[in-house]
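# A structural walkthrough
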Amino acid sequence: MTEYEVLVETINPCGGGRHAAKEFIEVETESPEAYVRENGRFPILDVTVKPDGDTVITTGDEAGNLGKYTFTE
């Protein structure tokens, strides 16, 4: 298992990204996708690996609620 520092951003359709609720957590998991599938509120919409190695997972629902998880080793 790998340990990650995760920035979790919760974005609602009214407030947008500027008013997102943000928190940092530390998790130990087999993969970022597995963690979000188990613990996220919404289905995974997109997975991106940045050039610096961070994994960004975006989740959401039909009502416009979004979750963004940025995993850093």
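Along each chain, numbering runs from 1 in the same order as the chain's sequence is written. Given that this is a predicted model, residues contribute local features only at a pLDDT of at least 70 and side-chain atom pairs are listed and counted only at 80 or more, while totals for whole chains, interfaces and linings are drawn from all residues. Here the side-chain values reflect all heavy atoms present in the structure, with hydrogen atoms and water set aside.

## Some points on the packing of aromatic side chains
Centre distance within 6.5 Å is the pairing criterion for rings of Phe, Tyr and Trp, where only the six-membered ring of Trp is used; planes under 30 degrees apart are then read as stacked, over 60 as edge-to-face, and the remainder as tilted. One pass over the full model with this rule turns up two aromatic pairs. Each ring, one from Tyr4 and one from Phe71, has its centre 5.5 Å from the other, and the planes form 90°; the classification is edge-to-face. Placement of Tyr4 in strand β1 (residues 2-11) and of Phe71 in strand β5 (residues 66-72) is noted, with a sequence separation of 67 residues between them. For the pair shown, Tyr4 and Phe71 are each scored as buried. Pairwise contacts between aromatic rings join Tyr4, Tyr35 and Phe71 into one cluster. Numbering of helices and strands starts at the N terminus; helices are DSSP runs of H or I of at least 4 residues and strands are runs of E of at least 2. Residue burial is assigned from relative accessible area. The probe radius is 1.4 Å, only protein chains are included, and a residue is buried under 20% of its type maximum, exposed over 50%, and partly exposed in between.

## A word on the sheet that holds strand β2 (residues 21-29)
Here five strands make up an open sheet; going across it, the order is β2-β1-β5-β4-β3 and the pairing antiparallel. Lying at the two open borders of the sheet, with one neighbouring strand each, are β2 and β3 (44-49). Shown here is a sheet whose adjacent strand axes are inclined to one another by a mean of 20°, direction ignored. DSSP-based pairing: two strands are paired if at least 2 bridges between them are found. Here β1 pairs with β5 via seven bridges, running antiparallel. Only the contacting stretch of a helix is used when fitting its axis, a line to C-alpha atoms as for every element, and angles between N-to-C directions run 0 to 180 degrees.

## What to know about the nonpolar core
Nonpolar cores are built from buried Ala, Val, Leu, Ile, Met, Phe, Trp, Tyr and Cys residues. Side-chain atoms within 4.5 Å join them into one set. Counting residues in each nonpolar core, the largest one holds nine residues, listed as Tyr4, Val6, Val8, Val27, Tyr35, Val36, Ile57, Tyr69 and Phe71. Per element, the largest residue contribution to this core is three residues, and it comes from β1. In what follows, residue pairs with any heavy atoms lying within 4.5 Å of each other are defined as contacts. In contact with Val36, not counting residues within four places along its chain, are Ile44, Ile57, Thr59, Tyr69 and Phe71.

## Looking at the pattern of salt bridges
For this analysis, a salt bridge means a side-chain nitrogen from Lys or Arg found within 4 Å of a carboxyl oxygen belonging to Asp or Glu. Enumeration over the complete set of coordinates arrives at one salt bridge. Among the salt bridges present, the one from Glu9 reaches Lys22, with a minimum N-O distance of 4.0 Å. Pair noted here: Glu9 is in strand β1 and Lys22 is in strand β2, with a separation of 13 residues, a long-range link. You can call Lys22 exposed: its relative accessible area is 55%.

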